[in-house]
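Listed below are the residues making up each chain.
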Amino acid sequence: RGVASRELVFSSESKEKTEKDTKLLELQNRFNRIKNKTNFIKEVGKACFFGFTLHEIMYREDYTIDKFVAYPRHKVKFDKEKKQWKIEGKEEKYIDDSGKWLLSVYNESVENYKGDTKLRAVYETYQEIKHIKTKMNGILEKYGSVIPVFAYNPDLSDEEVEEAGK
């Protein structure tokens, strides 16, 4: 089921006690106070498959992070004219750099502003399989669910094959 623990433990590969360890402990304490941290980690992990993910950061009164609210990907769009991300709904909201939003984009570049996906390698194969299934369904519609197949010798001419099939 993924991450099932209520408390995440941060650690360092360094065996020496350093200033990093105290910072790791501070980060661990801050992160473990977030209410929906496991869902947050799960959604950020999905960014490498869907290209991006967007969260709204909700703060407590003391300005520490209370929780992350994920937005559905189909409502988040990139406005090419304004070169800014927006949330579509009853009214459009543009995402600014105010510290209220956390946008995670996988492999973002100038040409690929919406991010990339690790599934790109299997996409072409998926399209080919989809095309083959469409062709098979067309054959089934045309000829029915039973398609007779006749074996023949490939060395024979077309006339000899047709004669043998009669």
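Just so we're clear, the structure is a prediction, and the values are computed from it rather than from any experiment. Numbers given to residues run from 1 along each chain, matching the order in which its sequence is written. Whole-chain, interface and lining totals are the exception, using all residues; otherwise, since this is a predicted model, local features are given only for residues with pLDDT of at least 70 and side-chain atom pairs are given and counted only at 80 or more. Based on all heavy atoms of the structure, the side-chain values leave hydrogens and waters out of the count.

A. Fine view of the nonpolar core. Core analysis: the biggest nonpolar cluster contains 9 residues, these being Phe52, Leu54, Tyr71, Val76, Phe78, Trp85, Ile87, Ile95 and Trp101. Secondary structure elements follow DSSP: runs of H or I no shorter than four residues count as helices, runs of E no shorter than two count as strands, and numbering proceeds from the N terminus. Contributing elements (two or more residues each) for this core: strand 1 (52-59), strand 3 (76-79) and strand 4 (84-87). Any two residues whose heavy atoms approach within 4.5 Å are treated as being in contact. Setting aside anything within four residues of it in sequence, one finds Leu54 in contact with Val69, Ala70, Tyr71, Val76, Ile87, Ile95, Trp101, Leu102 and Leu103. For our purposes a nonpolar core is just a set of buried Ala, Val, Leu, Ile, Met, Phe, Trp, Tyr and Cys residues, chained together by side-chain atoms within 4.5 Å. Between buried and exposed lies partly exposed: a residue is buried under 20% and exposed over 50% of the maximum accessible area for its type, with that area taken using a 1.4 Å probe on protein chains only. Among the nonpolar cores identified, the runner-up in size contains 6 residues, and Leu8, Phe31, Ile34 and Phe68 belong to it.

B. Focus on the pairing of strand 4. Each pair of strands is called paired provided DSSP finds at least two bridges between the two strands. Pairing analysis gives 4 bridges linking strand 3 to strand 4, with the strands arranged antiparallel. Bridge pairing links Phe78 to Trp85 in strand 4. Following strand 3, the chain reverses through 4 residues before pairing antiparallel with strand 4; Lys83 in that reversal takes a positive phi of roughly 55 degrees. Where strand 4 lies against strand 5 (residues 93-94), 2 bridges are found, and the strand directions are antiparallel. Bridging across to strand 5, Lys86 finds its partner in Tyr94. In this antiparallel pair of consecutive strands, strand 4 and strand 5, the connection spans 5 residues.

C. Expanded view of unusual backbone geometry. Of note, Tyr63 is a non-glycine position whose phi angle comes to about 65 degrees, a positive value. Take Tyr63: it is sitting in the loop between strand 1 and strand 2 (65-71). Positioned with a positive phi, Lys83 is a non-glycine residue whose angle comes to about 55 degrees. Structurally, Lys83 can be placed in the loop between strand 3 and strand 4.

D. Summary view of the packing of aromatic side chains. Here a Phe, Tyr or Trp ring, Trp counted by its six-membered ring, pairs with any other such ring whose centre lies within 6.5 Å, and the pair is stacked when the planes are under 30 degrees apart, edge-to-face when over 60, and tilted otherwise. For the structure on display, the rule yields 5 aromatic pairs. Relative to Phe68, the ring of Phe40 lies with its centre 4.0 Å away and its plane at 15 degrees, an arrangement referred to as stacked. Of this pair, Phe40 sits in helix 2 (residues 37-50) while Phe68 sits in strand 2; the two residues are 28 residues apart in sequence, bridging distant segments of the chain. Across the pair, Phe68 and Phe40 agree in class, each one buried. For the ring pair Tyr71 and Trp101, a centre distance of 5.6 Å and an interplane angle of 55 degrees mean the geometry is tilted. Separated by 30 residues along the polypeptide, Tyr71 in strand 2 and Trp101 in strand 6 (residues 101-105) bring together distant segments of the chain.

Geometric descriptors of this kind do not, in isolation, establish any biological role.
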